[in-house]
Amino acid sequence: MSNTTLFLIAIVIIMLAAVPVAMMLKDFLPNIMEKSSGLDQVENRIYVLHAEAQELQNRVNHLVQRRNSQSSDRNRLESDIRKAEKQVRDLSDQPPMFVHEVGDPQAGLMKFVATVTQEKASAAARAAGERAQVNPIWRCTNVAEVWASSFDEAKQMCDVAFPFKMGFQKTFMRGDARAGGKAAGKGVPTPPATARAKAGGVT
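Residues numbered from 1 in each chain as written. Predicted model: local features only at pLDDT ≥ 70, side-chain atom pairs only at ≥ 80, totals over all residues. Heavy atoms only, no water.

**Considering the side chain of glutamine 118**
- Assignment of secondary structure puts glutamine 118 in strand β2 (residues 110–118).
- A polar side-chain atom of glutamine 118 sits 3.0 Å from the main-chain carbonyl oxygen of methionine 166. (Helix = DSSP H or I, 4+ residues; strand = E, 2+ residues; numbered from the N terminus. Polar contact = N/O pair within 3.5 Å; in protein donor to acceptor, adjacent residues only side chain to side chain.)

**Focus on the confidence of the model for the chain**
- Residues at a pLDDT of 70 or more form 61% of the chain, whose mean pLDDT is 74.
- Between residues 175–194, whose pLDDT stays under 50, and residues either more than four places distant or in other chains, the model counts 36 contacts. (pLDDT = per-residue confidence, 0-100. Contact = heavy atoms within 4.5 Å.)

**Examining the side chain of asparagine 142**
- Note that asparagine 142 resides in strand β3 (residues 141–148).
- Overall, asparagine 142 belongs to the buried group, its relative accessible area being 2%.
- Of the polar contacts made by the side chain of asparagine 142, one reaches the backbone oxygen of cysteine 140; its length is 2.9 Å. (Buried < 20%, exposed > 50% of the residue type's maximum accessible area, 1.4 Å probe, protein only.)

**Thoughts on the packing of aromatic side chains**
- Taken as a whole and judged by the stated rule, the model has three aromatic pairs.
- With a centroid separation of 6.1 Å and an interplanar angle of 65°, the aromatic rings of phenylalanine 112 and phenylalanine 151 are classed as edge-to-face. In this pair, phenylalanine 112 sits in strand β2 while phenylalanine 151 sits in helix α3 (residues 151–161), placing the two residues 39 residues apart along the sequence.
- Residue class for phenylalanine 112 comes out buried when judged on its relative accessible area of 10%. (Phe/Tyr/Trp six-rings, centres within 6.5 Å; stacked < 30°, edge-to-face > 60°.)

Dropping the structure here:
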């Protein structure tokens, strides 16, 4: 038997064997392709879930930062409230100060500052048999701001507004009264509650 005949016989045998293999592949190949396609879908779904998980993590981190920031703001606000409450308590323990304005602030005038106190009755009033009722504000600190062109004029205006016979005592502060008397009131205490009134209306 020649080589050519053997070669042809081998080809026929291979073709006969290939027919059942082809039939088997025809049956299994669609399943394999379908499974491969399902794996791709699973992988795509995994990528989507991973992206969603990353987004959720970012949102959680952002919310945590906001919570920490709000907590810090709340602590700072509570600290400010405690400081304000302490200041209110400290201020409420201090007596008020009443400021009496004598004259009107005008250009060319200077401000002179004097502390004013009132006794229950002056010697002159007692000698005349007078009894003057004392306003409760005189139990607190009282200051007169006098607007005048000179110290002598300021003293006269203060004497008229707070006469000695009514039991008033005046002590002018030392200081430069130029430039509107910015330094004239230097050294005058500044309690928390300050009431301002025109002199003559509170006696």
